[in-house]
Structure formats: C-alpha cells, structure tokens
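Observations on the three-dimensional arrangement
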Amino acid sequence: QEYTAIKMRLLEPLPPVLAKFAGSQAPLETHPRRTLRPETMCGQTNAWILPEGEYGAFEARQPRSGRRILGVVYLCAARAARNMAFQDLFPEWGRPKQLATFFGRELLGAAVKAGRSAPLCPYERIHFLPLLTISMTKGTAIVTSVPSDSPDDYAAFMDMKNAKKREYYSGQAGAELRAEWIDPFEVVPVLQTPELGEVAAKFMCDKLGITSQKEVEKLKEAHDACYTAGFYKGVMTAGPFAGLPVQEAKLKTKAKMVADGEAITYLEPEGLVTPRST
Ligand code: ZZB
C-alpha cells in the first residue's frame, strides 16, 4: 500500500517536549501523515493526534539528495518510523534515530503550517486537537483533518466546537483545549458531488444523525458513502485543480506536493511489518 504523507511545519512556540529542537539550523519541519485523499488538502482545518498515543521525533534526511538535513525531524509513531527507515527517508538505512519520545497529549494545541504554497491549506496556522479513534498502527498516527469530506473529521471537529464537550475531552486527555484552537476555523468546501452536495461529510452526518466522534458504526457508513461519491463523481471546487474531476486532481495534487517537497510517499506493508530484503 502506498501512502502520501503530508509534511507540516511546526510553528513557534514549540511544545515544551520539542523545545530542545528550537534553534536547529534548518527549520524544524514536518509531520508526515498518511492520507489517501491528497486532493482534499485545501480543506484542512486542524490536525489530529491521539492523546495517549506514544510518538517519537526521528531524524530525517532529504529524500532526493540523500543529504542529512540538520534539525529536520519527522514526528510519528515508532512503527511508522521503522517503515520509513527502509525507504531512504532517514540518514541510516533501516535504523530510525529517535531523538525524542512523547505522548500525543503533549502536542495538543501546538501550531503547524500545513502546506508551504497556498492554496493547499486555507489557514496559515492550524492546531493539534484530540481524536480518540486514531489507530496507532495505521500510517504515522498523526492525521490531518478535512471536515468537509471526512465524516470522522467532521464529527470530531463539531465535538471540538462545543465548549462542554471540549471540556470533557480536555479532562479525558489530561490537557487543556482552548477555544482559540478551533473557534476561528470553519469547514472549507473543496469538492462537490451530485448526491452529497458541497460538504459531503456534513450531509452524511446529518442524514445518519451522527452527533459525536464516538458513533463509529454510523461513521463507517458515512465514510464509505463520502469516499465512493467523491472518488467516482466528485469535481473539485477549490484548490489548484478546481474544476477537475477528483480522480484527476488526486494524482495531480499528489505529484505537485511531492515535487514541491510538501509530501513524501512511502510504502506500508499490509499486516505485519517486515523489512524489505532488497
Ligand atoms: C485526509 C482525508 C480527507 C481523509 C477526506 C479521508 C477523507 P481508510 O479509508 O480507512 O484507509 N487516517 C489516516 N491515518 C489514520 C489513523 N492512524 N487512524 C485513524 N484515521 C487515520 O482511512 C484513510 C483515512 O483515514 C485517511 O485519509 C485519513 O484521513 C485517516 F476527505 O486524510 B484522510 C471519506 C474519507 N474522506
């Protein structure tokens, strides 16, 4: 399975757990996140992390030149780092160098810039918020949020907009969740389909009566409906490929992001992680 991992640049102030990377020669870059929907990146409103998930910071290298890039680290689950280490993304083949270990909750509220070139992310600064349904064994375990087209994101985004629920999730995470990390952000429509309109995730959540990120069964149904409609009938309404069908925009956005150094592609084996033998 090939994944596109989007890079996000951490912005100051750095969370205390990553403060030791401040002042590195190159900007502290990137979270690769796994996504299969690169064309929707112009609808990002925040990033998600699992509060109790264990993550690491790993020394990165420039994939094309092979140079070690000082001060650039990738933040992700250790398992994802092991995969990446076999794909020339780290200085030493097969051996990720872990520079820090932290829990997701320590990054809550941290600001990132998603996408260097507008309009790939509509907001200059977006924040990490908690998502309890993140799987630590899929992708980097850091997930971008596109509430317009991903029902899971929409439901969790609406949870965060609700002050009472925010307080509840803050208690769950054992970390503060401030209104300023969510209130200035709105759902950004990026594509339309004849059956689900311009904001497919909202359409499906409303239709199925989904009111929380905890309604996983219904969310699965909504996810599949949005994915299928978007993939086969979607036409982009925003971003650099507005007007194009989703299938075309998907390839073009991915190619553009990889060429611009805003994304990397890497492979993840299905099931058990075993090193490549080539
Ligand atoms: C942006 C995006 C935009 C996504 C969208 C989906 C949708 P799938 O389909 O089950 O393979 N994701 C990535 N990693 C994780 C993780 N570790 N735990 C939980 N969710 C994760 O799931 C792929 C999608 O799940 C990825 O694509 C990512 O969210 C999320 F408009 O990235 B996506 C209808 C879906 N729409």
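In the block above lies the structure referred to throughout.
Let me sum up the structure you'll find in this document. As the structure is a prediction and not an experimental result, all values here were calculated from the model.

What follows is about the overall build of the chain. For the chain, the helix and strand inventory stands at six helices and 13 strands. When the 278 residues of the chain are sorted by exposure, 47% land in the buried category. Put simply, of all contacts in the chain between residues at least 6 apart along the chain, 74% involve residues at least 24 apart.

In this section: the site of the ligand. With respect to spatial proximity, 19 residues lie near the ligand, and among them Thr35, Arg37, Lys138, Asp149 and Ser150 are the closest. Elements supplying a minimum of two residues to the shell around the ligand: β3 (33–35), β10 (142–145) and α5 (216–233). Broken down by class, the residue content of the shell around the ligand amounts to seven nonpolar, eight polar and four charged.

Read from one edge to the other, the open sheet built from five strands follows the order β2-β8-β9-β4-β10, with strand pairing classed as mixed. Of all the strands in the sheet, just β2 (8–10) and β10 have a single pairing partner and so form its edges. The sheet shows a mean angle of 40° between the axes of neighbouring strands, taken without regard to direction. Relative to strand β9 (residues 126–130), strand β8 (residues 111–114) runs antiparallel, the two sharing two bridges. When the bridges of β9 are listed, Ala111 appears paired with His127.

Between helix α4 (residues 200–208) and α5, the least distance of the axes is 9 Å, while the angle of their chain directions is 140°. What the angle tells us is that α4 and α5 run oblique. The handedness of the crossing between α4 and α5 comes out as right-handed. Residues Ala200, Ala201, Met204, Cys205 and Leu208 of α4 pack against Lys218, Glu221, Ala222, Ala225, Cys226, Ala229 and Gly230 of α5. When grouped by side-chain class, the residues that make up the contact of α4 with α5 number nine nonpolar, one polar and two charged.

As a further point, take helix α1 (residues 78–85). Among all positions of α1, only Ala80, Ala81, Asn83 and Met84 are buried. What you see down the axis of α1 is that its buried residues fit within an arc of 160°, all on one side.

On to the packing of helix α2 (residues 151–161) against α5, then. Orientation of α2 relative to α5, taken along the N-to-C sense of each, is 125°, at an axis distance of 8 Å. Classified by the interaxial angle, the pair formed by α2 and α5 is oblique. On α5, the residues that touch Pro151, Asp152 and Ala155 of α2 are Leu219, Ala222, His223 and Cys226. Tallied by class, residues from the contact of α2 with α5 come to five nonpolar, one polar and one charged.

Trans peptide bonds make up most of the peptide bonds, and negative phi angles are found at most residues other than glycine. The omega torsion across Glu12 and Pro13 is -5°, close enough to zero to call that bond cis. Within the secondary structure, Pro13 is located in the loop between β2 and β3. The phi dihedral of Ala141 falls on the positive side, at around 70°, and the residue is not glycine. Checked against the element boundaries, Ala141 lands in the loop between β9 and β10. A residue is classified by how many C-beta atoms lie within 10 Å of it, and Ala141, with 25 of them, is buried.

A word on the sheet that holds strand β1 (residues 2–6). Spatially, three strands are ordered β3-β1-β13 in an open sheet, and the strand pairing comes out antiparallel. A strand with exactly one partner marks an edge of an open sheet, and here the two such strands are β3 and β13 (263–267). This sheet shows a mean twist of 40° between the axes of neighbouring strands, independent of strand direction. The sheet contact formed by β1 and β3 spans three bridges and is antiparallel. Its bridge partner lying in β3, Ala5 is registered against Arg34. Helix α6 (residues 246–259) contacts β1 and β13 of the sheet and is inclined by roughly 110° relative to β13.

The rules we used
Residues numbered from 1 in each chain as written. Predicted model: local features only at pLDDT ≥ 70, side-chain atom pairs only at ≥ 80, totals over all residues. Helix = DSSP H or I, 4+ residues; strand = E, 2+ residues; numbered from the N terminus. Buried ≥ 20, exposed ≤ 12 C-beta atoms within 10 Å, placed from the backbone. Contact = placed C-beta atoms within 7 Å. Near = placed C-beta within 6 Å. Nonpolar A, V, L, I, M, F, W, Y, C, P; charged D, E, K, R; others polar. Pairing = 2+ DSSP bridges. Axes fitted to C-alpha atoms, helices over the stretch in contact; angles between N-to-C directions. Parallel < 35°, antiparallel > 145°, perpendicular 65-115°, else oblique. Left-handed = near helix turned anticlockwise from the far one by under 90°. Arc of directions from axis to C-beta.

By themselves, these observations are geometric and do not establish any function.
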